[in-house]
Amino acid sequence: MPCSVSGVEMRKRQAAHIEAPPQAPGQPRPNTCCLCWCGCCKCLWNEERMERNERQTCTMMDSIDAADEQRPSLEELLSWARSFDMMLRSFEGREIFREFLRSEYSEDNLLFWLACEELKKETNPSVVDEKARIIYEDYVSILSPKEVSLDSCVREGINQSLAEPSNVMYEEAQLQIYTLMHRDSFPRFLNSSVYRDLLASRRRTCLDT
């Protein structure tokens with residue numbers, strides 16, 4: 001038995017433990033286990049238990065990492081080629097598409113579209129006002145370094161809406177950027193090494209399994 005002691009010795013330790021002076025208030029109790037009466041928390045059983053818990057934690061984290069490495073799945077990747085909307089609904093899809101757009105210096109188109117999506121979900125008037133103005137300053141104002149490409153009519157409509165911001169004031173502008181990404185950037189993304197290399201990697205994984 002781990003941390004084995006003779007019956008006499010065990011009884012002595014039990015007696016010493018029972019006869020010990022009462023614990024002072026606020027003083028932490030010794031970290032003992034049912035197989036170790038010394039209270040040192042260094043017995044073999046306790047060490048093995050700690051090591052076992054650490055191994056289980058590591059195994060769990062390795063499993064999570066392995067699962068993350070397999071995302072997105074092959075089926076997901078193939079679905080993106082069939083639907084631009086499906087890719088935008090996927091967190092992994094948006095991140096990979098964003099990586100591609102960054103290489104073409106057009107990442108701000110996606111960021112603008114996402115900011116408009118968040119604004120449409122907002123119902124608090126004060127928050128709507130704040131977010132609407134941030135979007136304007138970040139992506140619409142001619143002074144913004146991240147200005148997105150909008151035609152003059154859409155831009156003028158936004159300027160007029162600033163007097164009374166709403167959660168849908170960028171709807172027309174958002175559609176214009178969506179159309180630009182769908183017709184222009186998305187076909188290039190599907191033919192890019194970013195997408196094709198990931199697709200090939202998932203296919204190899206499926207063949208190996």
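Whatever comes next refers back to the structure up there.
Procedures and definitions
- Residues numbered from 1 in each chain as written.
- Predicted model: local features only at pLDDT ≥ 70, side-chain atom pairs only at ≥ 80, totals over all residues.
- Heavy atoms only, no water.
- Helix = DSSP H or I, 4+ residues; strand = E, 2+ residues; numbered from the N terminus.
- Buried < 20%, exposed > 50% of the residue type's maximum accessible area, 1.4 Å probe, protein only.
- Areas by Shrake-Rupley, 256 points an atom, 1.4 Å probe, with all protein chains shown as cover.
- Contact = heavy atoms within 4.5 Å.
- Core = buried A, V, L, I, M, F, W, Y, C linked by side-chain atoms within 4.5 Å.
- Phe/Tyr/Trp six-rings, centres within 6.5 Å; stacked < 30°, edge-to-face > 60°.

Asks: Hey, could you go over the overall build of the protein for me, with residue numbers and the actual values?
Replies: Along the protein, the regular secondary structure elements total 10 helices and 0 strands. Mapped from its N terminus to its C terminus, the protein presents α and β elements in the order α-α-α-α-α-α-α-α-α-α. Residues classed as buried in the protein amount to 29% of the 209 residues present. Surface accessibility of the protein: about 13900 Å² in total, with carbon and sulfur atoms responsible for 53%.

Asks: Which residues make up the environment of Leu 150, and what values do they have?
Replies: Assignment of secondary structure puts Leu 150 in the loop between α7 (125-140) and α8 (152-161). Leu 150 gets classed as buried once you look at its relative accessible area, which sits at 10%. Separated by 24 residues in the primary sequence, Leu 150 and Gln 174 place their C-alpha atoms 9.4 Å from one another. Not counting chain neighbours up to four residues away, the residues in contact with Leu 150 comprise Val 140, Arg 155, Ile 158, Ala 173, Gln 176 and Ile 177.

Asks: Can you lay out the nonpolar core for me, pointing to particular residues and giving the numbers?
Replies: Residues Phe 97, Phe 112, Ile 158, Tyr 170 and Phe 189 are the most contacted members of the largest nonpolar core, which totals 39 residues. If you list the elements that add at least two residues to this core, you get α3 (74-82), α4 (84-89), α5 (91-103), α6 (107-121), α7, α8, α9 (171-190) and α10 (193-208). Ranked by the residues each element gives to this core, the list is headed by α9, at 7 residues. Here Phe 112 is in contact with Ile 135, Tyr 139, Val 140, Val 148, Tyr 170, Ala 173, Gln 174 and Ile 177, once residues within four sequence places are set aside.

Asks: So what's going on with the packing of aromatic side chains? Which residues, and what values?
Replies: According to the stated counting rule, one finds 11 aromatic pairs in the structure shown. Ring centres of Phe 84 and Tyr 178 lie 5.3 Å apart, and the angle between their planes is 55 degrees; on these two criteria the pair is classed as tilted. Taken as a pair, Phe 84 in helix α4 and Tyr 178 in helix α9 lie far apart in primary sequence, 94 residues in all. Each member of the pair, Phe 84 as well as Tyr 178, carries the same accessibility label: buried. Note on Phe 189 and Tyr 195: the rings are 5.4 Å apart at their centroids and 50 degrees apart in plane angle, and the pair reads as tilted. Exposure class is identical for Phe 189 and Tyr 195. Each is buried. Counting every residue linked through ring pairs, the aromatic cluster contains Phe 84, Phe 97, Phe 100, Tyr 178, Phe 186, Phe 189 and Tyr 195.

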